[in-house]
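The lines below spell out each chain.
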Amino acid sequence: MKKVGVALLGLGTVGGGTYRILRDMHDDIMATDGIDIEIRHILEKDTAKVEALGVDPDIVSTDINNVVNDPEIKVVAEFFGGIEPARSFLIAALKAGKSIVTANKEMFSKCWSDLEAAAREGGGGLYFEASCVGGVPVIRALTSSMQGNRINSIMGIVNGTTNFILTKMADEGLEYADVLKEAQRLGYAEANPSADVDGFDSMYKLSILSTLCFHKKVPLDKIYREGISKISKVDIEYGKRFGYTLKLLAIGKCVDGKIEARVHPAFILENNPLASVKGSFNAVLINGNNVGDIMLYGRGAGDLPTGSAIVSDIVYAAAQTEHMRFPYGEAEADAFADDFTSEYYVRMTVEDKAGVLAKVATAFGKYGVSINSVQQQADEGKASIIFMIHRTAESKINKAIAEIKSLNEVISVDSLIRVM
Ligand code: NDP
Ligand code: HSE
């Protein structure tokens, strides 16, 4: 029987879930994988969390030296969140020859190269299944199950909090702020919820996933990012009338050798498989040149789903004699597409006067932006107009919208949402 010592950094939502799974599944893992996992040390500041889980206080401290200097600890699993001290602690562990497991996508997407260098120095491995799409084994699918493919695209709902919020807004007509509070209570939201609602969390995950898909570093500054904080219930309602569901999507594509990576809300048709992904569930659609489409679906956040991915990585790291390396170099600047195309939904409020619609249509036409349909609703001297726009380049519609905003009769351009 192989005995493997493990350290857990953090005992919050993910750390707590991981602790409970390791405790409750210990004998099953021994029976199925032949590995006897011993939790030898835990770093946690909050004694209440330690007591609540009934952890032996003798194995808890806040000093990373207790982990780094214990030769029996082979795997260090981190769920502190944030960059520091997570980054420094994991680099110290790697340099001491340990493997690391992390759920911390912000730190991993920003510090992957540093961690890779330290892993090569110490000989341990990097495991980060829980950093992307919670309990769904998407990293393992990309690294170990799709070698016979060139990946054309990856598209998905990779943030549980925003999907939970958009689902509740659409299905129950609830207000954004109330739903966010519920997501926080359930442990889905990041410490700073802006990371979720402004699309940062999805961007970190897309950087990691698209790097694995396209075998080139996809840095954060090459990813277009827009969150859901400006989405209003009105747009969700209008979308429904057109047969659309609103989702925050992460999209990575490689077209003619150019990588396109973006995170933004999008209307998708109600019969799109991603439309039925609700609540904190996530789903990822991967297209490989030989296998075609693969869809992975499951819980993207929460203590036990994320703990499930962490425990899988711990067992995997403990079982390996040779660890996977990630030799991805920096992509050349011209490896990335500088524009993309989409269909669009545009909602604006204008003065209800003769000739206004014509002026707006002229501005769209000036930039080659073609209107598919128009709906107008007038009320007390103002009109709300919704344009559905044929596929066009993002650069063109942005120029058209800038000109439309400058028209005296246009009170506001309220929403511009991409339609898939
Ligand atoms: P929590 O805030 O619930 O847990 C973090 C824990 O680590 C807290 O108990 C915190 O203590 C403790 N901690 C932080 N820094 C230190 C330190 N230097 N020494 C000792 N203890 C420390 O966060 P989550 O569990 O929700 O998230 C953790 C990570 O997992 C994040 O990177 C997140 O992005 C990622 N993740 C989260 C998921 C989720 O569903 N929640 C899903 C997938 C990934 P204190 O509170 O006292 O600061
Ligand atoms: N805050 C993240 C989410 C946690 O809601 O998806 C899982 O990564």
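Residues numbered from 1 in each chain as written. Chains lettered and ligands numbered in written order. Predicted model: local features only at pLDDT ≥ 70, side-chain atom pairs only at ≥ 80, totals over all residues. Heavy atoms only, no water.

- If you look the protein up in an unreviewed UniProt entry, it shows as Homoserine dehydrogenase from Candidatus Stercoripulliclostridium pullicola.
- Regarding the protein, the UniProt comment filed under Sequence similarities (unreviewed entry) reads as follows: "Belongs to the homoserine dehydrogenase family."
- In its Catalytic activity (unreviewed entry) section, UniProt records this for the protein: "L-homoserine + NADP(+) = L-aspartate 4-semialdehyde + NADPH + H(+)". (UniProt positions renumbered as here; feature names shortened; annotations may be inferred.)

## So, the overall build of the protein
Next up, step 1: Of the regular secondary structure elements, the protein holds 15 helices and 16 strands.
Next up, step 2: By the compact-globule yardstick of 22 Å for 420 residues, the protein fits well, its C-alpha radius of gyration being 24 Å.
Next up, step 3: The principal-axis extent of the C-alpha atoms belonging to the protein is close to 80 × 45 × 35 Å.
Next up, step 4: In the protein, once contacts between residues fewer than 6 apart in sequence are set aside, the share between residues at least 24 apart is 74%.
Next up, step 5: Looking at the protein as shown, the accessible area adds up to about 17,900 Å², and 49% of this sits on carbon and sulfur atoms.
Next up, step 6: Mean positive and mean negative side-chain charge positions of the protein (45 and 55 charges, respectively) differ by 4 Å. (Helix = DSSP H or I, 4+ residues; strand = E, 2+ residues; numbered from the N terminus. Rg over C-alpha atoms; globule rule 2.2 N^0.38 Å. Contact = heavy atoms within 4.5 Å. Areas by Shrake-Rupley, 256 points an atom, 1.4 Å probe, with all protein chains shown as cover. Lys, Arg positive; Asp, Glu negative; His and termini not counted. Charge placed at Lys NZ, Arg CZ, Asp CG, Glu CD.)

## Regarding the site of ligand 2
Next up, step 1: Taken together, the residues surrounding ligand 2 are Lys105, Asn159, Gly160, Thr161, Tyr188, Ala189, Glu190, Asp196, Asp201, Lys205, Gly300 and Ala301.
Next up, step 2: A distance of 2.8 Å separates a nitrogen atom of ligand 2 from a polar side-chain atom of Asp196.
Next up, step 3: At 2.8 Å, a side-chain N or O of Lys205 approaches an oxygen atom of ligand 2.
Next up, step 4: Considering ligand 2 on its own, with 260 Å² of exposed area, one finds that the protein chains cover 94% of that surface.
Next up, step 5: Here ligand 2 occupies the largest pocket. (Near = heavy atom within 4 Å. Polar contact = N/O pair within 3.5 Å; in protein donor to acceptor, adjacent residues only side chain to side chain. 1 Å grid on protein atoms, 1.4 Å probe; cavity = no way out; pocket = protein on both sides within 12 Å on 5 of 7 lines; lining within 4 Å. Sits in = over half its atoms within 2 Å of the grid points.)

## Things to note about the UniProt feature "binding site: NADPH" (unreviewed entry) in the protein
Next up, step 1: The UniProt feature table records "binding site: NADPH" (unreviewed entry) at Lys105.
Next up, step 2: Mapped onto the fold, Lys105 is located in helix H6 (residues 105-122).

## Description of unusual backbone geometry
Next up, step 1: Going from Glu84 to Pro85, the amide bond is cis rather than trans, its omega being 10°.
Next up, step 2: Examined against the element boundaries, Pro85 turns out to sit in the loop between strand S4 (73-78) and helix H5 (86-95).
Next up, step 3: Even without a glycine there, the phi angle at His215 is positive, about 60°.
Next up, step 4: Residue position: His215 is located in the loop between helix H11 (200-214) and strand S8 (224-225).
Next up, step 5: Phi angles above zero are rare outside glycine, and Asp256 is one such case at about 50°.
Next up, step 6: With respect to the helices and strands, Asp256 occurs in the loop between strand S9 (244-255) and strand S10 (258-269).

## Re the site of ligand 1
Next up, step 1: Around ligand 1, the surrounding shell holds 22 residues, and the nearest of these are Val14, Glu44, Lys49, Glu190 and Gly302.
Next up, step 2: Val14 is positioned with one of its backbone polar atoms (N or O) 2.8 Å from an oxygen atom of ligand 1.
Next up, step 3: At 2.7 Å from an oxygen atom of ligand 1 is found a side-chain nitrogen or oxygen belonging to Glu190.
Next up, step 4: Its free accessible area being 900 Å², ligand 1 has 81% of it covered by the protein chains.
Next up, step 5: Because more than half of its atoms lie within 2 Å of the grid, ligand 1 is assigned to the largest pocket.
Next up, step 6: Residue composition of the shell around ligand 1, grouped by class: eight nonpolar, eight polar and six charged. (Nonpolar A, V, L, I, M, F, W, Y, C, P; charged D, E, K, R; others polar.)

## Considering the environment of Lys247
Next up, step 1: Its place among the elements puts Lys247 in strand S9.
Next up, step 2: For the pair Lys247 and Asn163, spaced 84 residues apart in sequence, the C-alpha to C-alpha distance is 6.7 Å.
Next up, step 3: Contact partners of Lys247, with chain neighbours within four places excluded, come to Ile157, Asn163, Leu166, Thr167, His264, Pro265, Ala266, Ile268, Leu274, Ala275, Val277 and Lys278.
Next up, step 4: At 3.1 Å, the side chain of Lys247 and the side chain of Asn163 are in polar contact.

## Examining the domain arrangement of the protein
Next up, step 1: Segmenting the protein into domains produces domain 1 (2-135 + 318-329), domain 2 (142-299) and domain 3 (341-419).
Next up, step 2: Of note, the centres of domain 1 and domain 3, computed from C-alpha atoms alone, are 51 Å apart. (Domains from an automatic or database assignment.)

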